[in-house]
Amino acid sequence: MQAELLVSAALHLMSHYSVNSISTEGNNPCLKLASVIERHLKALSDLPDLTPVLRATCQQLSEQWASLIDNNLPRHNKVRRFSWLTPATSD
């Protein structure tokens, strides 16, 4: 159990460090890299062999990275990204 908690804490610390370093540099975050991190965390959270603590940690972190990505996408990409949710309109 101790090892699981340490890995869980390390994952949180690494993610927070990455997010904070992106925002303090004054540059736009690398959305490609953030997207890859989010997908990996999501895949980990879906693994049935992973312990509940690690699955929950990976799920939480996946959601945080997804939020970071969505908050930093240019407006026109957000509209395109979720366009399948809205019915097509003819202008």
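See the structure above.
Treat the numbers as computed from the prediction; the structure is a model and nothing was measured.

Draft legend 1. Just helix α2 (residues 31-45), in detail. Its 15 residues give α2 an end-to-end C-alpha distance of 21 Å, which sits within 8% of 21 Å, the value for a rise of 1.5 Å per residue. Those residues of α2 that are buried lie in contact with α3 (52-72).

Draft legend 2. A look at the packing of α2 against α3. Between α2 and α3, whose axes approach to 8 Å, the crossing angle comes to 155°. Relative to α3, the element α2 is oriented roughly antiparallel. Between α2 and α3 lies a crossing of left-handed hand. For the pair α2 and α3, the contacting residues are Leu31, Ala34, Ser35, Ile37, Glu38, Leu41, Lys42, Leu44 and Ser45 in the first and Arg55, Cys58, Gln59, Leu61, Ser62, Trp65, Ala66, Leu68, Ile69 and Asn72 in the second. Considered class by class, the residues forming the contact of α2 with α3 number 11 nonpolar, five polar and three charged.

Draft legend 3. Broad picture of the pattern of salt bridges. Under the counting rule described, the total for this entry stands at one salt bridge. Linking Lys42 and Asp46 is a salt bridge whose minimum nitrogen-to-oxygen distance equals 3.2 Å. According to the relative accessible area criterion, Lys42 is partly exposed, its value standing at 33%.

Draft legend 4. Broad picture of the nonpolar core. Leu11, Ala34, Leu41, Cys58, Leu61, Trp65, Leu68, Ile69 and Leu73 together form the largest nonpolar core, which totals nine residues. Of all the secondary structure elements, the ones that give two or more residues to this core are α2 and α3. Broken down by element, this core gets its largest block of residues, five residues, from α3. If we skip the residues at most four places from it in the chain, Leu41 touches Cys58, Leu61, Ser62 and Trp65.

Rules behind the numbers
Residues numbered from 1 in each chain as written. Predicted model: local features only at pLDDT ≥ 70, side-chain atom pairs only at ≥ 80, totals over all residues. Heavy atoms only, no water. Helix = DSSP H or I, 4+ residues; strand = E, 2+ residues; numbered from the N terminus. Expected span 1.5 Å × (residues − 1). Contact = heavy atoms within 4.5 Å. Axes fitted to C-alpha atoms, helices over the stretch in contact; angles between N-to-C directions. Parallel < 35°, antiparallel > 145°, perpendicular 65-115°, else oblique. Left-handed = near helix turned anticlockwise from the far one by under 90°. Nonpolar A, V, L, I, M, F, W, Y, C, P; charged D, E, K, R; others polar. Salt bridge = Lys/Arg side-chain N within 4 Å of Asp/Glu carboxyl O. Buried < 20%, exposed > 50% of the residue type's maximum accessible area, 1.4 Å probe, protein only. Core = buried A, V, L, I, M, F, W, Y, C linked by side-chain atoms within 4.5 Å.

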